[in-house]
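Spelled out, the chains give:
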Amino acid sequence: MTPLPFQALACPLDGHPLQHKSAALCCAAGHSFDIASQGYTNLLPVQNKRSLDPGDSKEMVAARRRFLEAGHYAPIAAAVSQAILAGQSADTLGCLDAGCGEGYYLRQLAAAAEREGQTLALLGLDISKWAVLAAAKRDKQSTWVVGSNAALPVLPATLDRVLCMFGFPVYTEFARVLKPGGFLLQVDAGPDHLRELREVIYPSLKPPRSGETLTPTGFTAPTSKTLSYRAKVCGTEQIADLLAMTPHLYRATAEGRARAAALTEISLTVDVRLTHFGREA
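It should be emphasised that the depicted structure is a prediction, and the values quoted were computed from it without experimental measurement.

S.K.: Would you mind going over the sheet that holds strand S4 (residues 32–34) with me for this structure?
M.R.: Strand pairs in the sheet, formed through backbone hydrogen bonds, run parallel or antiparallel to each other. Sheet architecture is open: three strands sit in the order S2-S3-S4, paired in antiparallel fashion. Only two strands of the sheet have a single partner each, and these edge strands are strand S2 (19–21) and S4. Adjacent strand axes in the sheet meet at a mean angle of 30 degrees, parallel and antiparallel pairs treated alike. Taken together, the three bridges between S2 and strand S3 (residues 24–26) define a ladder with antiparallel strand orientation.

As structure tokens, then:
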């Protein structure tokens, strides 16, 4: 079963429902947003942008696409898909990837749902137009929008699942758009994530942050599990792609980046935490 378009989009200017009208999405107040020829819609008002071209650059998006398609994070995608599809009861499961990047994790979720015969209505949202453009080119069935987690262009209580992968969670917005009984799955880097690469590019590593995960308003107490495995990355190009898709590209010194560029292979620890936040009924 191919994914269905997500229908419960809201106008980013007034919150009214958006309806398809020719090649645009329009609300009752007359606001109109063109659907690009590639299949995505920009629902990020210019007044909500903090820069002319927010989010990941075209080069960062391309680097992430190449690295992910090499399969290094396939175990993460499999664990995410299993968690998202677990315990579902709806005929059609509505899922938002809040910070979808170039769409890798939603595509893997769609493939897992097809194997299980589950129907999905998928929405991918990212603040980077380059990421959403790349996602829309690869997947014509899901809905792709440029937007911000700080003001999701989604009607209240219309989603069964929200996925936030290494992103910037806005719990008030996630709680608003989730149905009672739905849940947020948040995936974050663990303390040992890419440790070997960080040891190359930094003079010393910061101690890991400590403290328990708080329960955001509107959610039940979270539960977490860790996924950890080894991944071997070979070739200077793949190592460069990995560095380019992480914040370390900008945090490292020129000397640190040069040390990474000299590597021809590296064996890495992949260490992530999957946290489940249930939406209060």
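S.K.: Would you mind showing me how to read the side chain of His248 here?
M.R.: As for its position among the elements, His248 is in helix H8 (residues 248–251). A residue is classified by how much of its surface remains accessible, and His248, at 11% relative accessible area, is buried. Only 2.8 Å separates the side chain of His248 from the side chain of Tyr202, close enough to count as a polar contact. Sequence-distant contacts of His248, that is, excluding residues within four places in its chain, are made with Arg198, Ile201, Tyr202 and Leu243.

S.K.: What is the right way to look at the side chain of Arg107 in this model?
M.R.: One can find Arg107 in helix H3 (residues 104–116). Judged by its relative accessible area of 14%, Arg107 is buried. Polar contacts involving the side chain of Arg107 include one to the main-chain carbonyl oxygen of Glu102, which spans 2.8 Å.

S.K.: I'm lost on the state of the cysteines in this one. Help?
M.R.: What is meant by a disulfide is a covalent connection between two cysteines, made through their sulfur atoms. In this structure the tally under the stated criterion is zero disulfides. You can see Cys95 has no disulfide; the closest cysteine sulfur is in Cys100, sitting 11 Å from it. The exposure class of Cys95 is buried, given its relative accessible area of 0%.

S.K.: Is there a simple way to explain the pairing of strand S12 (residues 265–278) in this structure?
M.R.: One face of the sheet, then the other: side chains in a regular strand alternate in exactly this way. Within S12, 10 of the 14 residues are buried, which leaves the element mostly enclosed by the surrounding structure. Relative to S12, strand S10 (residues 178–189) is paired through seven bridges, and the arrangement is antiparallel. Looking across to S12, one finds that Phe183 is bridged to Gly278. Pairing analysis gives 12 bridges linking strand S11 (residues 223–234) to S12, with the strands arranged antiparallel. The partner of Leu227 across the bridge, within S12, is Val272.

Rules behind the numbers
- Residues numbered from 1 in each chain as written.
- Predicted model: local features only at pLDDT ≥ 70, side-chain atom pairs only at ≥ 80, totals over all residues.
- Heavy atoms only, no water.
- Pairing = 2+ DSSP bridges.
- Helix = DSSP H or I, 4+ residues; strand = E, 2+ residues; numbered from the N terminus.
- Axes fitted to C-alpha atoms, helices over the stretch in contact; angles between N-to-C directions.
- Buried < 20%, exposed > 50% of the residue type's maximum accessible area, 1.4 Å probe, protein only.
- Polar contact = N/O pair within 3.5 Å; in protein donor to acceptor, adjacent residues only side chain to side chain.
- Contact = heavy atoms within 4.5 Å.
- Disulfide = S-S within 2.5 Å.

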